[in-house]
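Letter by letter, the chains look like this.
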Amino acid sequence: MTQPTATATVQTWLTNFDTALQEKNIQQVVSLFGDECYWRDFLTFTWNLKTCEGKDEIQTMLNATLDNARPANWQLEGEATQNGDIAEAWFTFETAVASGKGYLRLKEGKCWTLLTTMQSLHDFPEPRRHNRPKGAEHGANKQRETWLEARQREEAELGYTQQPYCVVIGGGQGGIGLGARLKQMGVPTIIIERNERAGDSWRNRYKSLCLHDPVWYDHLPYIPFPEHWPVFAPKDKLGDWLEMYTKVMELNYWSSTECQNARFDEAAGEWVVNVKRNGEAITLRPKQLVMATGMSGMPNVPTFAGAESFEGEQQHSSQHPGPDAYSGKKCVVVGSNNSAHDIAAALWEHDADVTMLQRSSTHIVKSDSLMEEVLGPLYSEEAVAGGVTTEKADLMFASIPYKVLPDFQRPAFEVIKQRDAEFYKKLEDAGFLLDFGDDDSGLFLKYLRRGSGYYIDVGACDLVANGDIKLRSGVGIERINPHSITLTDGSELEADLIVYATGYGSMNGWAAKLISQEVADKVGKCWGMGSDTTKDPGPWEGELRNMWKPTQQEALWFHGGNLHQSRHYSHYLALQLKARMEGLETPVYGLQPVHHTS
């Protein structure tokens, strides 16, 4: 007897799944899942970003959501593939209010992982492709308004005589990408940015900064980087792109504007946001408020005894201007992650005497190895040539539940360990403290769990290994003196400059500053997933805390992450805001309880 093909197996499963859902036979639906199973849903059933783990959680979710979601028309898209004992396939479907797309993995005919994502709202499609605006108004019209006049009118009215539905605080890459999504969905939005120009959040960083992720991973929504764009974009080039993007996407971008404070008016069901724009005080009253201040939150600036006595310069890495003024100076960089390595290498290039102070172990991965072994299958020129579009790559990565993501990542990093064994040995021989994450799952899990603890090597590690960048590892700072630092082992480092490359706090620190500590504690810690690994305390939560989804504070949202995450998840955040603006029912299932306030 011949074995059914992967396509036939998946088609049978989808048909049975569709029938059971239509009949509201939840027991039958659950029987189609294996003993180990995961359903990751982006909005279609839960109006949340939610992963259900195991049959019991899936059954509970369906009991709560099926009547409202009313899913139907589950269709296989293309051919399924067979990878070992796993059949994989794309599919489309519909709910009562939206069209959806998903990815399925079957083991022995039963569902192992299921991803369901909302793609568009039936009644409110984006003006794209067949729905694109005409632009020109043909015929005669004495009240004709040109595109420029309409745009100028919108800029003059929004925030003054017309209130925005949404205010986004933070006009970096995240706020700009989300603003573009909202613009295309017809959600009146103002983006608040304290810098003078869009892109300044990149321009104002240390001058050697480049993206460490490759171009295929970093496209913005709607307008991908052109084919000649460098693999690793320099900061000023990226800043110019963001400035261009805000103009071309017609965003209502308020630069030179600072949010003074905000509060939620319960009675009116809206926010009161006080801003200062070019010196003018303005009060905005949006229905929704998005904190797009970067997933890293407020700078972590450690306090040490004697710091006020230091006669040189002290600065957080976010304030570091670059190496030019420090030639011949004794510079101490506190930290050993991306910014620390970048800054230390640039200082060395400008003939500074540099010491890196490594207080705890760091995950290092060479850029080429990361690109080829980890990112390459989804984000590379070869992937594009093989038909893996950016949108498809984003969904394929999202189809892996966070619970099993370490198992997907670990083999690639085992290959890297062997591939770069000599490189790692040189670093360890120099005294550098290395790790591959608490469970050897590598860079991306460290990023998701804690947003720190790693460096993508683009050359600085060789300087550390050969002693050009001096290294003190496994020690901390006891006190700071007028011209030196006393370490916890009793030794002393002369210093003219101290750079604290010590990372950032949780995003809800911005909520505390701009809204209140009460609201910050109410929504709790942002980022991390409760993996019970270093700097990501349990309990297990299954999704990133508070990111791109409803929070415990009504009408308050958090948006951030790297360019890939900002591009991908901005779509789902924008859909949630659009649905609320249009008055659709959005019953949230599985609103996450708060376990950690900061």
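Computed from a prediction, not measured in an experiment: that's the story for all the values here.

It is worth spelling out the side chain of Ser441 at this point. Tracing the sequence through the fold places Ser441 in the loop between helix 13 (421-429) and helix 14 (443-450). Residue Ser441 is classed as buried on the basis of its relative accessible area, which comes to 1%. Polar side-chain contacts of Ser441 include one of 2.6 Å to the side chain of Asp439. Residue contacts for Ser441: discarding those within four places in its chain leaves Pro406, Gln409, Arg410, Phe413, Phe436 and Arg449.

Okay, the sheet that holds strand 10 (residues 257-265) next. Spatial ordering of the open sheet is given by 10-11-12, a layout of three strands whose pairing is antiparallel. A strand with exactly one partner marks an edge of an open sheet, and here the two such strands are strand 10 and strand 12 (280-284). Across the sheet, the axes of successive neighbouring strands diverge by a mean angle of 15 degrees, strand direction being ignored. For strand 11 (residues 270-277) and strand 12, the ladder comprises five bridges, and the chain directions are antiparallel. Within the sheet, the bridge partner assigned to Val275 lies in strand 12 and is Ile282.

So, about helix 7 (residues 235-248). If you check helix 7, its first and last C-alpha atoms are 20 Å apart, about what 14 residues at 1.5 Å a residue would give, namely 20 Å. Those residues of helix 7 that sit buried are Lys235, Leu238, Gly239, Trp241, Leu242, Tyr245 and Thr246. In a view along the axis of helix 7, the buried residues occupy a sector of 160 degrees, so they form one face of it. Buried residues along helix 7 sit against helix 5 (173-184), helix 6 (200-203), strand 9 (253-254) and helix 18 (563-581). Just downstream of helix 7, Glu250 is the residue with a positive phi angle, here 60 degrees.

The next thing to look at is the environment of His596. Looking at where His596 falls in the secondary structure, it is placed in the segment after helix 18. A relative accessible area of 18% means that His596 is categorised as buried. Distance from His596 to Asp521, taken between C-alpha atoms, is 8.2 Å for residues 75 residues apart in sequence. Within polar-contact distance, the side chain of His596 engages the backbone oxygen of Pro537 at 3.5 Å.

For the pair helix 12 (residues 405-419) and helix 14, the least separation of the axes is 9 Å and the interaxial angle reads 140 degrees. Classified by the angle their axes make, helix 12 and helix 14 are oblique. The segment helix 12 lies against helix 14, with Leu405, Pro406, Gln409 and Phe413 engaging Leu443, Phe444, Leu445, Leu448 and Arg449. For the contact of helix 12 with helix 14, a count of residues per class yields seven nonpolar, one polar and one charged.

Pairing is parallel across the open sheet formed by five strands, whose spatial order is 14-23-15-16-19. Strand pairing shows two members of the sheet lacking a second neighbour, strand 14 (313-316) and strand 19 (470-473), which therefore form its edges. Sheet twist, expressed as the average angle between the axes of neighbouring strands with direction ignored, equals 20 degrees. As defined by bridge partners, strand 14 adjoins strand 23 (residues 497-500) across four bridges and the pair is classed as parallel. Each residue of the ladder has a partner; that of His316, found in strand 23, is Tyr500. Packing against the sheet, helix 8 (residues 338-349) makes contact with strand 15 (330-334), strand 16 (353-358) and strand 23, and its axis sits at approximately 165 degrees to strand 16.

Residues Leu497 and Val499 of strand 23 are buried on one face, and the alternating residues Ile498 and Tyr500, pointing to the opposite face, are buried as well. Pairing of strand 15 with strand 23, which is carried by four bridges, proceeds in the parallel orientation. Bridge pairing in strand 23 links Val334 to Tyr500.

Considering all chains together, one arrives at 32 aromatic pairs under this definition. Aromatic side chains Phe42 and Tyr569 sit 5.7 Å apart centroid to centroid with 55 degrees between the ring planes, which places their arrangement in the tilted category. Of this pair, Phe42 sits in strand 1 (residues 33-42) while Tyr569 is found in helix 18, placing the two residues 527 residues apart along the sequence. No difference in accessibility class separates Phe42 from Tyr569, as the two residues are buried. Pairwise contacts between aromatic rings join Phe42, Phe397, Phe444, Tyr447, Tyr454, Trp527, Trp548, Tyr569 and Tyr572 into one cluster. The side chain of Arg40 reaches across the aromatic face of Tyr402, ending 4.5 Å from its centre.

What follows is about the pattern of salt bridges. One pass over the structure, following the stated rule, counts 38 salt bridges. Residues joined by salt bridges that share partners form a network here, namely Arg197, Asp200, Arg203, Asp240 and Glu243.

Right, let's talk about the environment of Leu443 for a bit. Examined against the element boundaries, Leu443 turns out to sit in helix 14. When the C-alpha atoms of Leu443 and Cys259 are compared, they prove to be 34 Å apart, with 184 residues separating the residues in sequence. If we skip the residues at most four places from it in the chain, Leu443 touches His363, Val365, Phe413, Tyr454 and Ile456.

Its place among the elements puts Lys24 in the loop between helix 1 (6-22) and helix 2 (26-31). With relative accessibility at 48%, the residue Lys24 sits in the partly exposed group. Each C-alpha atom of the pair Lys24 and Arg70 lies 9.2 Å from the other, and the pair is 46 residues apart in sequence. Beyond its immediate chain neighbours, meaning those up to four positions away, Lys24 contacts Leu66 and Asp67.

Parameters at a glance
- Residues numbered from 1 in each chain as written.
- Predicted model: local features only at pLDDT ≥ 70, side-chain atom pairs only at ≥ 80, totals over all residues.
- Heavy atoms only, no water.
- Helix = DSSP H or I, 4+ residues; strand = E, 2+ residues; numbered from the N terminus.
- Buried < 20%, exposed > 50% of the residue type's maximum accessible area, 1.4 Å probe, protein only.
- Polar contact = N/O pair within 3.5 Å; in protein donor to acceptor, adjacent residues only side chain to side chain.
- Contact = heavy atoms within 4.5 Å.
- Pairing = 2+ DSSP bridges.
- Axes fitted to C-alpha atoms, helices over the stretch in contact; angles between N-to-C directions.
- Expected span 1.5 Å × (residues − 1).
- Arc of directions from axis to C-beta.
- Parallel < 35°, antiparallel > 145°, perpendicular 65-115°, else oblique.
- Nonpolar A, V, L, I, M, F, W, Y, C, P; charged D, E, K, R; others polar.
- Phe/Tyr/Trp six-rings, centres within 6.5 Å; stacked < 30°, edge-to-face > 60°.
- Lys NZ or Arg CZ within 6 Å of the ring centre and 35° of its normal.
- Salt bridge = Lys/Arg side-chain N within 4 Å of Asp/Glu carboxyl O.

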